[in-house]
Amino acid sequence: QVQLVESGGGLVQDGGSLSLSCAASGSSFRLNDIAWYRQAPGKQRELVARITREGITTYVESVKGRFIISRDNAKNTMYLQMNSLKFDDTAVYYCYAKAIVRMYEYQYWGPGTQVTVSS
């Protein structure tokens, strides 16, 4: 099994920046695609950004040019640098990973970290 733990959330003013991290731990696994999702109160969870193992990235339109997703395969860690934050970015942010464990691919979620942007 793989455990994902996010860190770095908090309160920031409109226009500010935050950096999120997500560390994966477990035994004998290999991370494939990883991503950040978010869920605001009363809204569905949405994909924010995704990065393949090779480093190919995709972003939801609303964060393009402001957020940067990255990963360190050696450390089994992913990051989300969030700049020019807006009130509408307020949400619980979840990291997500597809991982190979004993030749099978599984999906994993972190418990989430709160990001609050004050207007």
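Residues numbered from 1 in each chain as written. Predicted model: local features only at pLDDT ≥ 70, side-chain atom pairs only at ≥ 80, totals over all residues. Heavy atoms only, no water.

In this structure, Trp36, Leu80, Met82 and Tyr93 are the most contacted members of the largest nonpolar core, which totals 31 residues. Elements that contribute at least two residues to this core include exactly strand S1 (2-7), strand S3 (18-26), strand S4 (29-39), strand S5 (46-51), strand S7 (67-72), strand S8 (77-82), strand S9 (91-101) and strand S11 (113-118). In terms of residue count, the dominant contributor to this core is S9 (6 residues). (Core = buried A, V, L, I, M, F, W, Y, C linked by side-chain atoms within 4.5 Å. Buried < 20%, exposed > 50% of the residue type's maximum accessible area, 1.4 Å probe, protein only. Helix = DSSP H or I, 4+ residues; strand = E, 2+ residues; numbered from the N terminus.)

Remark on secondary structure: sheet strands pair via backbone hydrogen bonds, oriented parallel or antiparallel. Within the open sheet, the 4 strands sit side by side as S1-S3-S8-S7. Their pairing is antiparallel. The open sheet is flanked by S1 and S7, the only strands paired with a single partner. Between one strand and the next, the sheet's axes are offset by a mean angle of 15°, whatever the strand orientation. Of the strand pairs in this sheet, S7 and S8 are connected by 6 bridges, and their pairing is antiparallel. Its bridge partner lying in S8, isoleucine 69 is registered against leucine 80. (Pairing = 2+ DSSP bridges. Axes fitted to C-alpha atoms, helices over the stretch in contact; angles between N-to-C directions.)

Moving on, we get to a nonpolar patch on the surface. On the surface, Met103, Tyr104 and Tyr106 cluster together into a nonpolar patch covering about 410 Å² of accessible area. Locating tyrosine 106 in the fold gives a position in strand S10 (residues 104-109). (Patch = residues over 30% accessible without salt bridge, like charges linked within 9 Å, V, L, I, M, F, W, Y side chains within 5 Å. Areas by Shrake-Rupley, 256 points an atom, 1.4 Å probe, with all protein chains shown as cover. Salt bridge = Lys/Arg side-chain N within 4 Å of Asp/Glu carboxyl O.)

Covered by surrounding structure in S7 are Phe67, Ile69 and Arg71 only, the residues Ile68, Ser70 and Asp72 on the alternate face being uncovered. Counting the residues between successive antiparallel strands, the hairpin from S7 to S8 contains 4 residues, one of them, asparagine 76, with a positive phi of roughly 50°.

Moving on, we come to the side chain of aspartate 89. Among the secondary structure elements, aspartate 89 is positioned in the loop between S8 and S9. At 2.8 Å, the side chain of aspartate 89 forms a polar contact with the side chain of arginine 66. Sequence-distant contacts of aspartate 89, defined by excluding residues within four places in its chain, comprise Arg38, Arg66, Phe67, Ser84, Val115 and Val117. (Polar contact = N/O pair within 3.5 Å; in protein donor to acceptor, adjacent residues only side chain to side chain. Contact = heavy atoms within 4.5 Å.)

Let us look at unusual backbone geometry. Across residues other than glycine, the phi torsion is negative in most instances, and most of the peptide bonds are trans. Although it is not a glycine, asparagine 76 sits at a positive phi angle of roughly 50°. Among the structural elements, asparagine 76 can be located in the loop between S7 and S8. The phi dihedral of serine 84 falls on the positive side, at around 50°, and the residue is not glycine. Looking at serine 84, the relative accessible area reads 40%, which means it is partly exposed.

Another point: the packing of aromatic side chains. In total, this model carries 5 aromatic pairs according to the counting rule given. Ring geometry for tyrosine 94 versus tryptophan 109: centroids 6.5 Å apart, planes at 85°, classification edge-to-face. A residue pair is termed long-range when its members are at least 10 positions apart, and tyrosine 94 in strand S9 and tryptophan 109 in strand S10 qualify at 15 residues. Judged by relative accessible area, which is 14%, tyrosine 94 ranks as buried. In this structure an aromatic cluster arises from ring pairing among Tyr37, Tyr94, Tyr96 and Trp109. Positioned above the aromatic ring of tyrosine 94, the side-chain terminus of arginine 45 is 3.7 Å from the ring centre. If you follow arginine 45 out to its NZ or CZ, it ends over the ring of tryptophan 109, 4.7 Å from the centre. (Phe/Tyr/Trp six-rings, centres within 6.5 Å; stacked < 30°, edge-to-face > 60°. Lys NZ or Arg CZ within 6 Å of the ring centre and 35° of its normal.)

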